[in-house]
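# Structural description and commentary
So you can see what is in the structure, the chains are spelled out below.
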Amino acid sequence: MHRLVAFGAAVTGLYVIQKVVEFRKAVKAVNDHPGLRTLLNTLGPIENFFPRLWGVTPGSYHMFTRKHRDFEIYGWDVITYVAAFWGSHTNFYVADADALNEITTYRARFTKPLEQYELLKYFGGNIVASEAEEWKRYRKISAPAFSERNNALVWDETKLIIQDLFNNVWGDQKEITVDHAVDVTLPLALFVIGVAGFGRRVMWSDDEKVPPGHTMNFKDALHIVAQGVFLKLVLPEWLIKLGPTKRLRDVRDSFIDIQSYLLEMIQERRHSEAKEERYDLFSALLDANELEVEEGEKKLLDSELIGNLFIFLIAGHETTAHTLCFLFALLALYPDVQEELHQHIKSICPDGELAGYEQMSSLTYCLAALNETLRLCPPVHSIPKSVAEDTTITITNAQGERTTLIMPKGSTISMHIPGLHYNPRYWKNPYDFNPKRFLVSDWPRDAFLPFSAGPRACLGRRFSETESVVAMAMIVLRYRITIKEEKRFAGETFEQRKTRVLQSQPGLTMTPLRVPLTFTRRY
Ligand code: HEM
Ligand SMILES: *[C@@H]1O[C@H](CO)[C@@H](O)[C@H](O)[C@H]1NC(C)=O
């Protein structure tokens, strides 16, 4: 017995010594460049479950809450993060625009750490969770779907959806109060994806019957799938199958249902005689799969088509909805900016009505307000990369000192988006909401990466911008947005209010905690 304990202790001792040696080697491998030294590597989705504990983990959503502060502490805009246990020992947080430009440009040297995307493959092989040849195949079929015609469809359909909200939900009320703005923006973004993504129009006022062979209608299935994605990704499959609670059963059934809806839609499209021109992503994906594939290339399987459609839903729904929510919050916090925005939209739409998609390029202030929101509240705060070969990167700091960083093969990079977006080297008064900073010709383009950049940049940027501009323009034209007055917050200062309203929690993307708003009719 004693021998067993002694043996166990010896093995543990050896293991610890090995880890200490590895840790010290890792520190040496990066030339002891300043940064975090911790017990655990919690990069990736698991980070959400850890508190910030000095010397143990950087903690959950520290990137969002700390913004540029860690870089100021360590004196460089690229800092190291050396960890003793789990994953790679050498990691880098990057908030330097030039370094990020290099990282996003060279796709082969800085690859995607696919192990961090494993969960997203649940839905089938797809463009977000793939690399190299597989990714190229998906990108080639997917990219043409995000066409100008699709953007025009997004524009027209978002208009209809907002009109439906005005006519059939908000009606004649002089004042509408919502306890959390996402109660408006999540359904809005879902309906836009429903029609411009999947080719099925769904509206606030719809109440479709459940068709035979399904347990819920398309709208509910889409809604529950979108809400349940996070659960589906983090809970084990057997638990969801078992369905111990109503919520889990609904999530389980909605995924089965959406899958069969999509398969039915694919079959229907294949067998329909008359080919109408349709520009939703679903139709475009199907068409590209017939037309863009050259001799000898493999077509996408139905499961891959569905995998990619699912990914559009996951990549596009929450991100856009949360951005719009933060936008409304910021406009409510900064009434002067809102007034200026209102004047701008009125000058473009004097009769109070939006025209067609061609109008988008005139609504520059709307795009600036959207960009400024994405700068302050980037929904994707960390974009991971792997170092595929030993490499170096040269950086300068605020004092003008230069250093050449060694990045050993196998290290992980975390593109630190809040660190970049609040970096005072690129943005004056980075904490201010000031859309006008985007209305000059020389704003720092490389220091703005909400959609990533380079060959792996977001495909849905224009989709999302179009939807956001229409929603913003129509709502700001008709309503004045303010923070809902609540007795318990009566004594707070502007800064306290701003902190309260912009408070977020980690989820699939940065999730606003509670944004209570009042919309007051202007006319
Ligand atoms: C505010 C809204 C959005 C933000 C902030 C955003 C952000 C991003 C980011 C940061 C990436 C790179 C992810 C990575 O490297 O792992 C990305 C990729 C992607 N996004 Fe978006 N996105 C938005 C909206 C959308 C929408 C609406 C769609 C589709 C309807 C979409 C589709 C995609 C796709 C397909 C990719 C993968 C591109 C590739 O790897 O080739 N996104 N997005
Ligand atoms: C907003 O940002 C995008 C990049 O995401 C850029 O192409 C566009 O010019 C910007 N527009 C304005 C008005 O700031």
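Residues numbered from 1 in each chain as written. Chains lettered and ligands numbered in written order. Predicted model: local features only at pLDDT ≥ 70, side-chain atom pairs only at ≥ 80, totals over all residues. Heavy atoms only, no water.

Another point: the layout of surface pockets. For the second largest pocket, the calculated volume is near 740 Å³. In terms of lining, the second largest pocket is formed by 29 residues, of which the most central are Arg269, Arg278, Ser283, Ala284 and Asp287. Counting residues per element, the ones that place at least two in the lining of the second largest pocket are α6 (148-170), α10 (246-271) and α11 (281-291). It is α11 that provides the largest number of residues to the lining of the second largest pocket, a total of 7 residues. (1 Å grid on protein atoms, 1.4 Å probe; cavity = no way out; pocket = protein on both sides within 12 Å on 5 of 7 lines; lining within 4 Å. Points joined across faces, edges and corners; volume = space filled by probe spheres on them. Helix = DSSP H or I, 4+ residues; strand = E, 2+ residues; numbered from the N terminus.)

Think of a sheet as strands paired side by side through backbone hydrogen bonds, with each pair either parallel or antiparallel. What the 6 strands build is an open sheet, ordered β1-β2-β3-β9-β6-β4; its pairing is mixed. Two strands lie at the open edges of the sheet, namely β1 (35-40) and β4 (110-111), each paired on one side alone. Pairing of strand β3 (residues 90-94) with strand β9 (residues 412-416), which is carried by 4 bridges, proceeds in the parallel orientation. Bridged to Val94 within β9 is Met415. Of the strands in this sheet, β1, β2 (78-85) and β3 are in contact with helix α1 (residues 2-29), which crosses β2 at around 170°. Helix α4 (residues 97-105) rests against β2, β3, β4, β6 (382-387) and β9 of the sheet, and its axis sits at about 120° to β9. (Pairing = 2+ DSSP bridges. Contact = heavy atoms within 4.5 Å. Axes fitted to C-alpha atoms, helices over the stretch in contact; angles between N-to-C directions.)

In this section: the site of ligand 1. Taken together, 28 residues are adjacent to ligand 1, and Tyr117, Trp135, Arg139, Arg456 and Cys458 come closest. Measuring from an oxygen atom of ligand 1, one finds a side-chain N or O atom of Lys112 at 3.0 Å. Between ligand 1 and Arg139 there is a distance of 2.6 Å, counted from an oxygen atom to a side-chain nitrogen or oxygen. Of all the secondary structure elements, the ones that give two or more residues to the shell around ligand 1 are α5 (132-142), α12 (302-333) and α16 (461-478). With 6 residues, the single largest contributor to the shell around ligand 1 is α12. In terms of residue class, the shell around ligand 1 is built from 18 nonpolar, 7 polar and 3 charged. (Near = heavy atom within 4 Å. Polar contact = N/O pair within 3.5 Å; in protein donor to acceptor, adjacent residues only side chain to side chain. Nonpolar A, V, L, I, M, F, W, Y, C, P; charged D, E, K, R; others polar.)

A few words on the packing of aromatic side chains. Evaluation of the coordinates by the stated rule reveals 21 aromatic pairs. Between the aromatic rings of Trp155 and Tyr357, the centroid separation amounts to 6.2 Å while the plane-to-plane angle is 70°, which identifies the pairing as edge-to-face. You can see Trp155 sitting in helix α6 and its partner Tyr357 sitting in the loop between α13 (335-348) and α14 (364-376), a full 202 residues away along the chain. Comparing Trp155 with Tyr357, the two get one shared label, buried. (Phe/Tyr/Trp six-rings, centres within 6.5 Å; stacked < 30°, edge-to-face > 60°. Buried < 20%, exposed > 50% of the residue type's maximum accessible area, 1.4 Å probe, protein only.)

Here we take up the domain arrangement of the protein. The accessible area lost on association of the parts is a frequent measure of interface size. Considered domain by domain, the protein is made up of domain 1 (2-116 + 383-421) and domain 2 (135-380 + 450-521). Between the C-alpha centres of domain 1 and domain 2 the distance comes to 33 Å. With 13 residues of domain 1 in contact, the opposing surface of domain 2 contributes 19 residues. When the two sides are added together, the surface that domain 1 and domain 2 hide from each other amounts to roughly 1500 Å², 67% of it contributed by carbon and sulfur. The interface formed by domain 1 and domain 2 holds 2 residue pairs in polar contact (both at pLDDT 80 or more) in total. It is helix α15 (residues 417-421) that provides the largest number of residues to the side of domain 1 that touches domain 2, a total of 3 residues. Looking at the side of domain 1 that touches domain 2 residue by residue, the classes come out as 6 nonpolar, 4 polar and 3 charged. (Domains from an automatic or database assignment. Buried area = accessible area lost by both parts, 1.4 Å probe.)

Once that is clear, we can look at the site of ligand 2. Looking at ligand 2, the residues that line it are Thr364, Leu367, Ala368, Asn371, Phe438, Trp443, Phe448 and Arg461. At 4 residues, the largest contribution of residues to the shell around ligand 2 is made by α14. Along the lines of polarity and charge, the residues of the shell around ligand 2 split into 5 nonpolar, 2 polar and 1 charged.

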